[in-house]
Amino acid sequence: MTEDLNQMRDHMLTAIAAASGLDALDACRVEALGKQGTITLLLKTLGKMTPEERLVQGPQIQGLREAVANGIADRKATLERAALDARLASETLDMTLPADATPAGTIHPVSQVMDELAEIFADLGFAVATGPEIETDWHNFTALNIPETHPARAMHDTFYLQQGIDAKAAGTADEKTTFSLLRTHTSPVQIRTMLSQKPPIRIIAPGRTYRSDSDATHTPMFHQVEGLVIDKGITLGHLKWTLETFVKAFFERDDIVLRLRPSYFPFTEPSVEIDVGYTLVKGKRVVGGAEPDGWLEILGSGMVHRKVIEACGLDPDEWQGFAFGCGIDRLAMLKYGMDDLRPFFDGDIRWLKHYGFSSLDVPTLSGGVGA
């Protein structure tokens, strides 16, 4: 019996070692250890033996079972390791290849230009100020020296709130405290800043504004940035230098030429419109050029009117200042070659992908504010 078991073990271990794959190895396992396997049948004979025979043959059969089971486990580990090595060799990855692109949003041109403006003016010592979009008559008009008869106060130019209309009709409206309209410019932020801070003041006020207007270059809601400087000894020369520095930094060109034209605004005196020179390149207007082919109006400005300074509780003989304002949407159109304002607010994903900016394109003066 012992000799037969030894021959059986040698035969099974040889078959196991010769198994070329996991399927062949599993066939050897079933043949030896399956329900009807050779070793399983031998184990079933132990119950029919006498105690003396079981004492002798039991350990031998169990030893055969353990030897075969260990042989199968070792061979399985060897085959699995070889299969893994072959798979790794055939499925190598080129780590130098770029990763698959993942869906990503873009920064809206208006948001990008706002960041560019904040970066430029921060370098000039300006802080960013904000204020409510729902305003009072006093902050939006009266404090800015805009008379009751001015066209801007007409309902076809300004969005009035029913709350303010009802209060005015009832004679209970207080123009300083009753929120009556959607602000038509960010100038009320200048008023609120002069009322809450002591001079000197250097701020820009970017934000949303509202007017009853809609065409290719106007929308009922648009974005505006205004600047204000209040200090002693401020002149028109300071205004000119500030705007020249801003425009050169914004358009990233040193050959910018500005033209100041006399104008009229109720809140500034004297008032000037600022035109920037452009050159024609392939039929398109490009800002810049030492010898301009034409002029584009980009912003309005002037010295802060004495009455505005007085309305904010300051002495105009002691404090002077300048202010300026321009449309952020129009600046974006001019810089990035857009010819229609309406798509800015359509939410068309194709337009946003084309004109949008990567979230990593953070404006910096060293890297270029429009990088």
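Caption draft 1: Representation of the packing of aromatic side chains. Inspection of every chain in the model, using the stated rule, returns eleven aromatic pairs. Relative to F126, the ring of F121 has its centre 5.2 Å away and its plane inclined at 65°; by these criteria the two rings are edge-to-face. Pair check on accessibility: F121 and F126 agree, each one buried. Geometrically, the ring pair formed by F246 and F250 is tilted, given 6.0 Å between the ring centres and 40° between the ring planes. Here the residue F246 and the residue F250 both occupy positions in helix α9 (residues 236–251), the gap between them amounting to four residues, near one helical turn. There is no split in this pair, since F246 and F250 are both buried. Within the aromatic cluster, the residues linked to one another by ring pairs are F121, F126, F246, F250, F251, F322 and F324.

Caption draft 2: Region of interest: the pattern of salt bridges. The tally for this structure, following the rule as stated, stands at 16 salt bridges. The partner of R202 in a salt bridge is D231, with the nearest N and O atoms 3.2 Å apart. Placement of the pair is R202 in strand β4 (residues 201–210) and D231 in strand β5 (residues 221–231), with a sequence separation of 29 residues. A salt bridge links R261 to E297; its shortest N-O distance comes to 3.5 Å. Separated by 36 residues along the polypeptide, R261 in strand β6 (residues 258–265) and E297 in strand β9 (residues 294–304) bring together distant segments of the chain. Put simply, R259, R261, D275 and E297 are held in one network by salt bridges that share partners.

Thresholds, definitions, all that
Residues numbered from 1 in each chain as written. Predicted model: local features only at pLDDT ≥ 70, side-chain atom pairs only at ≥ 80, totals over all residues. Heavy atoms only, no water. Phe/Tyr/Trp six-rings, centres within 6.5 Å; stacked < 30°, edge-to-face > 60°. Buried < 20%, exposed > 50% of the residue type's maximum accessible area, 1.4 Å probe, protein only. Helix = DSSP H or I, 4+ residues; strand = E, 2+ residues; numbered from the N terminus. Salt bridge = Lys/Arg side-chain N within 4 Å of Asp/Glu carboxyl O.

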